[in-house]
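Here are the chains, one letter per residue:
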Amino acid sequence: MTISGRSRDACPPMIKNLLLLDSEGRRVAVKYYTDEWPTNGAKLGFERSVFTKTHKTNARTEAEIVMFENNVVVYKFIQDLHFFVTGGDYENELALAAVLQGFSDAVTLLLRGNVDQREALENLDTIFLCLDEIVDAGMILETDGNMIAGKVATHNLDDGAPLSEQVIPKSKCLALESVFALRI
């Protein structure tokens, strides 16, 4: 069979989405790389469905793999965060698992081992940089958690960044603090 006119063997693994959801299935950070879910409602529906199918499993010690709606979904839970990597039904599960491991390792390193929803929301800009270092337009760039965390850390230490890039993350942190104050 072919994919876009090329044989499957010649195609590098492609990622359809990376999802980071909380323990209730709500978005923390997500990136979609295909038009398979064209609307925000379709994306939310997919996230809800995959969460419902997986949340009762014990994916805390190692990654689990499930076939879901003609996709391979590899997932892992760390405290109250659920990490998901989705590829087509033809994708190599080991490649998807390597992406998942790199994603979870990098987040663990960047959050200094304190991997929970509150810490993730407070460092959302860091998590999105992490996603950008792992996958670009569906193509896998890096799977080593140490390398990903190192690249993201150097982005955060860029003193030459424009003022707008320095002010927005601070504003985002203040907004997140006010949201958490309302919940408590």
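Residues numbered from 1 in each chain as written. Predicted model: local features only at pLDDT ≥ 70, side-chain atom pairs only at ≥ 80, totals over all residues. Heavy atoms only, no water.

**Some words on the sheet that holds strand β5 (residues 64-68)**
The antiparallel open sheet is built from 5 strands, whose spatial order is β4-β3-β7-β6-β5. Because the sheet does not close on itself, it has two edges, and the strands there are β4 (27-32) and β5. When the angles between neighbouring strand axes are averaged without regard to direction, this sheet yields 20°. Two strands pair when backbone bridges link them, and strand β3 (residues 15-22) and strand β7 (residues 81-88) are joined in this way by 7 bridges, in the antiparallel orientation. Note on β7: the bridge partner recorded for Leu19 is Phe84. Each of β3 and β4 touches helix α4 (residues 124-134); the most contacted strand, β4, lies at about 25° to it. (Pairing = 2+ DSSP bridges. Helix = DSSP H or I, 4+ residues; strand = E, 2+ residues; numbered from the N terminus. Axes fitted to C-alpha atoms, helices over the stretch in contact; angles between N-to-C directions. Contact = heavy atoms within 4.5 Å.)

**Concerning the pairing of β3**
With 8 of its 8 residues buried, β3 lies for the most part within the structure. As judged from the 5 bridges shared by β3 and β4, these two strands associate in the antiparallel manner. Directly across from Leu21, in β4, lies its bridge partner Arg27. Taking the residues that link successive antiparallel strands as the turn, the β3-β4 hairpin has 4 residues, and the phi of Gly25 there is positive, at about 85°. (Buried < 20%, exposed > 50% of the residue type's maximum accessible area, 1.4 Å probe, protein only.)

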